[in-house]
Structure formats: structure tokens, C-alpha cells
Amino acid sequence: MGAVRPGHRRTVDDLATQEGIAATAKRYYEYTDALTPDIPNDGKAFYGRDSLSNYFIIGMRQMGVDLLAPNADGKTAVNADKEKVRRLWDNYYIPFVSGYFDAKGKFRSDDMKTGDIICYTGSTASAAYFPDQVVDDNGTHEIGYQIIMPPTFEEGNAVAPQQGAGMAVAKSDEQHEYASYEFLKWFTEKQNNLRFATAASYLPVRTDANSVEELDNAIQNENLSVNPKTRDCIAMAMDSFDDVELYSLKSFDNAYAARKVLDHSLDDKATADKAAVQAAIAAGQSRTEALEPYVGDAAFEQWYASFCQQLQAAAEGTE
């Protein structure tokens, strides 16, 4: 995790890196824990993220590695460089079992609504679900928001995932196939696609539509009712095109199975181990004692061996 300087006041700039988020989340837990000195170990989580598969794929790409790389022979290479995977572990699993990160609802925007976290990484589409209020045991609280670029790893490349819903034409009779073709032409016309993008929190498919100026013109000229968070999130993404590599995992056989491993291997372990830590503390262990079995090298080595085996088997279709 990123180093925390004594007396250093955290700013939004600290959230530009995965290490900075982890360090800020640790400070936030310690701060909220200290608010109730008579109740130990009740600090609050700061951060959560959607899609652990994107965390792996994009995180490795930021560090210069294609985690899953389809070959010309139809096979898929698994490049789970141990040192880089350890950085993924250190900046998600360790903060999670320590109570600095959390994931309770189906999506992290759900956890924002309940105040279980106050910062998250999600897709542009999630902007429409970001709450205006937090509802907790103390009542309802109005909240604001700030949208920033997704974090990178320190000294890594600026890479963000490019993915979303697609459209295809199913094989049919000539009349229906032609009608589908005409609809897709209409749907991807500049103004039509901008109208859809502003409603769905997706980016337009056309290059000439992907600018903040075109976005705002469409909203004004079409008199569109657009959620401000949706507009701001799309605008942030449009503004970043020149500074960020948009990365999309190439398709390959067994890609779904491989992504399932990436989504669940670390996430399921982190969730189960966090519960075990909390149970150990409740049973009388100190926080340090409760965390010890989970934050050392041995815990990583055991998980890493299993992770590599699962991912390789999934990519090869032999799971």
C-alpha cells in the first residue's frame, strides 16, 4: 500500500492510484474508529469497487501485462506474473480483510446508499444509480458527489476498460435481416446515438459524437432530461480519451469461465476471510491477532497457487 506521511492531509489527488486509495481507506478507518474510543474496532470502510475481473485485467495491463492473451493457434496464454498479482492482492485483499474496503450490496452504488462506503469505482452506467441521499440508522442525509478518473497503479500506465452492451443481427429471412440492418444504421446515427447515450450512461459509438461539446449540444437542442451525474460521468470519460488507453479483452473460447474466476477467486476469499477476522475479534482476539493468518506471505502464496490453477483450467476449458 502507498506510504502515508505523518500529518499528511488526504486530498482527492490521493485517489488517483490504487495505493493511494488503500492508504486513504486505512486512514479513514482509523479516524472513524477513534471517534468512539469506548468501542474498539468499529472503524468504517471507505471504498468498494465493482467487477473484480476488470480490476485484474486492467490492473495487469496498467503494469504492462496482458493477463489473458489469445494466441494465433486458438489457445489463450495466462500471464499471471507473481509480483504483479501480489500488488493486486496487497491493494484489494489486504484492505478488504482489514475493514478498509467493503462490498455488501449487489453493486457498490447500493453500498453508497446505505453509507457502508463513501467512495467506489464503477462503470459509467452506474452513475445513474448513484444516490442523492444516504439512509442509515441515524436517518436520511443529503450527499454530493465528485467524479474522477479510475485509479491506476503507481508508475503504471493510464488504462481503463472499454466494454458494454452490443447488438447483433440474428440469422433470419432476408426481409428481417434487412430491417435489422436499417435499424442499426438509424440507431448509430450521431444524434440518435447521443440521445441513447445520455439516457443510458453509455458512450456513443461514433467518433464525431464523443465530445463534451456534442454531448451538451444534444442535451440542449433536444431538450433532453438528463441526470446530472450521468452527464458529468460521460463528460469525464470523453475528456480523458487523449490521456487514457481504452482496453478491451479480446474474445476467446472459455472467456466467460475465465472472467468468473477473476470475479470470484479473490472476492470470495476476501469476503469469507473478513468475516473470519470479525468473528475472531468478537471472540476476544486482538485485531492484530485476528488479522495475522490472513495478511502474511503464506496466505498470499496459498491463494496464488490456487488462483493460477483455476484461471489456467478455465482458460483451457478443463475446469
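Thresholds applied
- Residues numbered from 1 in each chain as written.
- Predicted model: local features only at pLDDT ≥ 70, side-chain atom pairs only at ≥ 80, totals over all residues.
- Heavy atoms only, no water.
- Core = buried A, V, L, I, M, F, W, Y, C linked by side-chain atoms within 4.5 Å.
- Buried < 20%, exposed > 50% of the residue type's maximum accessible area, 1.4 Å probe, protein only.
- Helix = DSSP H or I, 4+ residues; strand = E, 2+ residues; numbered from the N terminus.
- Contact = heavy atoms within 4.5 Å.
- Axes fitted to C-alpha atoms, helices over the stretch in contact; angles between N-to-C directions.
- Parallel < 35°, antiparallel > 145°, perpendicular 65-115°, else oblique.
- Left-handed = near helix turned anticlockwise from the far one by under 90°.
- Nonpolar A, V, L, I, M, F, W, Y, C, P; charged D, E, K, R; others polar.

Peer 1: Honestly, the nonpolar core in this entry has me stumped. Any pointers?
Peer 2: A general feature of soluble globular proteins is that nonpolar side chains tend to end up buried together. Of all hydrophobic cores here, the largest spans 55 residues; its most connected members are Phe56, Leu68, Phe101, Trp303, Phe307 and Leu311. Among the secondary structure elements, those contributing two or more residues to this core are α1 (18-34), α2 (52-62), α3 (82-90), α4 (93-97), α10 (255-282), α11 (287-295) and α12 (297-316). Ignoring any residue separated from it by four or fewer positions in sequence, one finds Phe101 in contact with Ile21, Ala22, Ala25, Ala45, Tyr47, Asn91, Tyr92, Pro95, Phe96 and Lys274. In terms of nonpolar packing, the next biggest core, distinct from the first, is built from 7 residues, Leu215, Ile219, Val226 and Ala235 among them.

Peer 1: Sorry if this is basic, but what is going on with the packing of α2 against α3 here?
Peer 2: Angle between the axes and distance between the axes are the two parameters that describe a pair of packed helices. It is at 10 Å that the axes of α2 and α3 come closest, and there the two elements cross at 130°. Considered as vectors, α2 and α3 are oriented oblique to each other. Handedness of the α2/α3 crossing: right-handed. In this structure, α2 contributes Tyr55, Phe56, Gly59 and Met60 to the contact, and α3 contributes Lys84, Val85, Arg87 and Leu88. For the contact of α2 with α3, the residue count by class is 5 nonpolar, 1 polar and 2 charged.

Peer 1: Hey, could you run me through the packing of α3 against α12 in this one?
Peer 2: Packing of α3 against α12 brings their axes to within 11 Å, and their N-to-C directions diverge by 115°. When the interaxial angle is binned, α3 and α12 end up roughly perpendicular. Remark: the crossing between α3 and α12 carries right-handed chirality. Residue-level contacts link Lys82, Val85, Arg86 and Trp89 of α3 to Asp297, Ala299, Phe300, Glu301, Trp303, Tyr304 and Phe307 of α12. The class makeup of the residues in the contact of α3 with α12 is 7 nonpolar, no polar and 4 charged.

Peer 1: Sorry, what's going on with unusual backbone geometry here?
Peer 2: The general pattern is negative phi for most residues beyond glycine and trans for most peptide bonds. For Asn41, which is not glycine, the phi dihedral falls at a positive 60°. Of note, the phi angle at Ser51 is positive, near 60°, even though the residue is not glycine. Within the element layout of this structure, Ser51 appears in the loop between β1 (47-49) and α2. Residue class for Ser51 comes out partly exposed when judged on its relative accessible area of 26%.

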